[in-house]
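Here is how the chains run, residue by residue.
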Amino acid sequence: MKTFACTCGNRLFFDNTSCLACKRQVGWCPECAAIRALEPTGDGRLRCTGEDCGAILVACRNYAVEGVCNRMVVAGPDVAESPLCGGCRFNRTVPDTSVPGNRMKWAQLESAKRRLLYTLDDLGLPYGTAEEGFEPPLCFDFKADLVRDKGAWHRLGAVEHVYTGHASGRITINLDEADDAERERRRINMNEAHRTLIGHFRHEIAHYYWELLVRGRCEDACRACFGDHDDPPYGEALKAHYNAGPPHDWPSHYVSAYATMHPWEDFAETFAVYLDMAAVLDTVGHWGLEKTVRPLDDFDQALATYRHIGISLNEVNREMGLLDVVPEVFVAPVVDKLRFIHELIRTASRNAGGAADSREARA
Ligand SMILES: [Zn+2]
Ligand SMILES: [Zn+2]
Ligand SMILES: [Zn+2]
Ligand SMILES: [Zn+2]
């Protein structure tokens, strides 16, 4: 992620809500597509201090009331008293904040979601609600296994347990995934190279894009690349995977062991790696660690840069005893699948070819 500048000159980060130097309130201005210092207008609204902006804004309800967001909404006659921002408007279920610790976990989920949406917007990928004509419409359920029932707490059993996953545009994330110790325990149990909140969002949104961009559109081409998604059926493949585990030679064909489970999971794991690559290259380009290269503009150059930066960042992390940043090995079959994802995104993108800036395209 890039950083931004306060009017006082201090550096502002993507998740900031105030400037640590001058104490000004800050937030995401949708007009600037940036974190900006905000000036009170005296009537409960705020003015963006961005050069040539000056937009009159109101804080997202989840910023002003819940303290889990830092995005603003452009004020206008049609804007509700206490509106939801461009990211929070997709929430269908949010955590019960009367449970100790839930607000902090929710804030972490929102932070990861904002990063996801930033990358989707940067790539020009479409997403939206039923009213906007999207089928399936996108929404998020952030749910916990611990629920309050008639005033008493109880933990959901195996049957009702909240599964992190995607179904018809609805992305569910179990709140336990925002608990570092619990998430790491699951990572080790599942023998995963990574398990992160942003990783969950990138994987689950990939299933959404299969529904939006592949189903009924290019299923045969997808089948040719990832295998037949109808045979064996998903449920059977899932059972087989958990009984037998991944084939031992999975690294010569797949981006992860989980990708071997079913062509839909292979698609999602590969799509998520494309989003990883886009986000990391945007960040290293901004920080001058590498020349800026956008995957949409030059896939081969982007992948070469990502492999190079991946190896060097992995070594930096190993030096500090941390997990590898880029654990994937980009063997030829994996590159072919990534190229399929690239073409799919390029075709769907409003920003392909570098012709339009994402902000212009959205306006
Ligand atoms: Zn400041
Ligand atoms: Zn602005
Ligand atoms: Zn919000
Ligand atoms: Zn999945």
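Residues numbered from 1 in each chain as written. Chains lettered and ligands numbered in written order. Predicted model: local features only at pLDDT ≥ 70, side-chain atom pairs only at ≥ 80, totals over all residues. Heavy atoms only, no water.

## Describing the coordination of the zinc ion (ligand 3)
Rules: Water is not part of the atom set, so a site may look incomplete; the donors themselves are N, O and S atoms within 2.8 Å of the metal, or 3.2 Å for Na, K and Ca. Think of it this way: with four donors and all angles in the 85 to 135 degree range, the site is tetrahedral; with four or six donors, opposite ones beyond 155 degrees and the rest between 65 and 115, it is square planar or octahedral; otherwise it is irregular. The cut-offs for exposure are 20% and 50% of the maximum accessible area for each residue type, with area from a 1.4 Å probe on protein chains only; residues under the lower value are buried, those over the upper are exposed, and the others partly exposed.
On the protein side, the zinc ion (ligand 3) has Cys-60 (SG), Cys-69 (SG), Cys-85 (SG) and Cys-88 (SG) as donor atoms, found 2.3 Å from it. Taken together, the four donor atoms coordinating the zinc ion (ligand 3) span angles of 105 to 116° at the metal, a pattern that classifies the geometry as tetrahedral. Looking at Cys-69, the relative accessible area reads 4%, which means it is buried.

## Some points on the coordination of the zinc ion (ligand 1)
For a metal bound by four donors in a tetrahedral arrangement, the ideal donor-metal-donor angle is 109.5 degrees, while six donors in an octahedral arrangement ideally sit at 90 or 180 degrees. At this site the zinc ion (ligand 1) is bound by Cys-6 (SG), Cys-8 (SG), Cys-19 (SG) and Cys-22 (SG), with donor distances of 2.2 to 2.3 Å. One way to put it: the four donor atoms around the zinc ion (ligand 1) meet at angles of 106 to 114°, and that makes the site tetrahedral.

## Topic: the sheet that holds strand E7 (residues 72-74)
Here is the rule we go by: Two strands qualify as a pair provided DSSP detects at least 2 bridges between them. Only runs of H or I of at least four residues qualify as helices and only runs of E of at least two qualify as strands under DSSP, and these elements are numbered from the N terminus. The axes used here are C-alpha line fits, helices contributing only the stretch in contact, and every angle between their N-to-C directions lies in the interval 0 to 180 degrees.
If you walk across this open sheet you meet the five strands as E3-E4-E5-E6-E7, and the pairing is antiparallel. Sheet topology places strand E3 (26-29) and E7 at the edges, where each strand pairs with a single neighbour. Pairs of neighbouring strands in the sheet enclose a mean axial angle of 50°, with direction left out of account. Direction of pairing for strand E4 (residues 34-40) relative to strand E5 (residues 46-48): antiparallel, over a ladder of three bridges. Looking across to E5, one finds that Pro-40 is bridged to Leu-46.

## A word on the pairing of strand E10 (residues 146-149)
Regular strands have side chains that alternate between both faces of the sheet. Two elements, E10 and strand E11 (residues 152-155), share four bridges in a ladder whose sense is antiparallel. Following the sheet pairing, Arg-148 is matched in E11 by Trp-153. Taking the residues that link successive antiparallel strands as the turn, the E10-E11 hairpin has two residues, and the phi of Lys-150 there is positive, at about 50°.

## Points about the side chain of Thr-3
Note the cut-off: Pairs of N or O atoms within 3.5 Å make up the polar contacts considered here, provided that, within protein, one atom can donate a hydrogen while the other can accept it, and that residues adjacent in sequence are counted only when both atoms are side-chain atoms. Contact criterion: two residues are considered in contact whenever any of their non-hydrogen atoms come within 4.5 Å of each other.
With respect to the helices and strands, Thr-3 occurs in the segment before strand E1 (4-5). Classification of Thr-3 by relative accessible area gives buried; the value is 13%. A distance of 3.1 Å separates a polar atom in the side chain of Thr-3 from a polar atom in the side chain of Arg-11. Not counting chain neighbours up to four residues away, the residues in contact with Thr-3 comprise Arg-11, Leu-12, Phe-13, His-286 and Trp-287.

## Structural notes on the domain arrangement of the protein
The condition is simple: Residue ranges labeled as domains rest on an automatic or database domain assignment. Two parts placed together each lose some accessible area under a 1.4 Å probe, and the buried area is that loss summed for both.
Taken domain by domain, the protein consists of domain 1 (4-85) and domain 2 (91-362). The centre of domain 1, based on its C-alpha atoms, is set 28 Å off from the matching centre of domain 2. The interface is formed by eleven residues belonging to domain 1 together with 13 residues belonging to domain 2. Summed over both sides, the interface of domain 1 with domain 2 buries roughly 1200 Å², with 54% coming from carbon and sulfur. The largest per-residue losses of area from domain 1 upon contact with domain 2 belong to Phe-14, Glu-66 and Val-68, which jointly make up 43% of the total buried on that side.

## Re the packing of helix H4 (residues 197-214) against helix H7 (residues 263-286)
Two quantities define a packed helix pair, namely the angle between the axes and the distance from one axis to the other. Stated formally: Throughout this description, any angle smaller than 35 degrees is read as roughly parallel, any larger than 145 degrees as roughly antiparallel, any in the 65 to 115 degree range as roughly perpendicular, and the remainder as oblique. Note: crossing handedness is left-handed where the near helix turns anticlockwise from the far helix by less than a right angle, and right-handed where it turns clockwise. Any residue that is not Ala, Val, Leu, Ile, Met, Phe, Trp, Tyr, Cys, Pro, Asp, Glu, Lys or Arg is counted as polar, Gly included; the first ten are nonpolar and the last four charged.
Orientation of H4 relative to H7, taken along the N-to-C sense of each, is 110°, at an axis distance of 8 Å. Put simply, H4 runs roughly perpendicular to H7. Judged by the sense of rotation from one axis to the other, the crossing of H4 with H7 is right-handed. Two secondary-structure elements touch here, H4 through Arg-202, His-203, Ile-205, Ala-206, His-207, Tyr-209, Trp-210 and Val-214 and H7 through Trp-264, Glu-265, Phe-267, Ala-268, Glu-269, Phe-271, Ala-272, Leu-275, Asp-276 and Ala-279. Counted by class, the contact of H4 with H7 contains twelve nonpolar, two polar and four charged residues.

## Structural notes on unusual backbone geometry
Residue Pro-136 is bonded to the preceding Glu-135 through a cis peptide linkage, with omega at 0°. With respect to the helices and strands, Pro-136 occurs in the loop between helix H2 (102-123) and strand E9 (139-143). Residue Pro-232 is bonded to the preceding Asp-231 through a cis peptide linkage, with omega at 0°. If you check the backbone angles, Lys-23 has positive phi at about 70° while not being a glycine.

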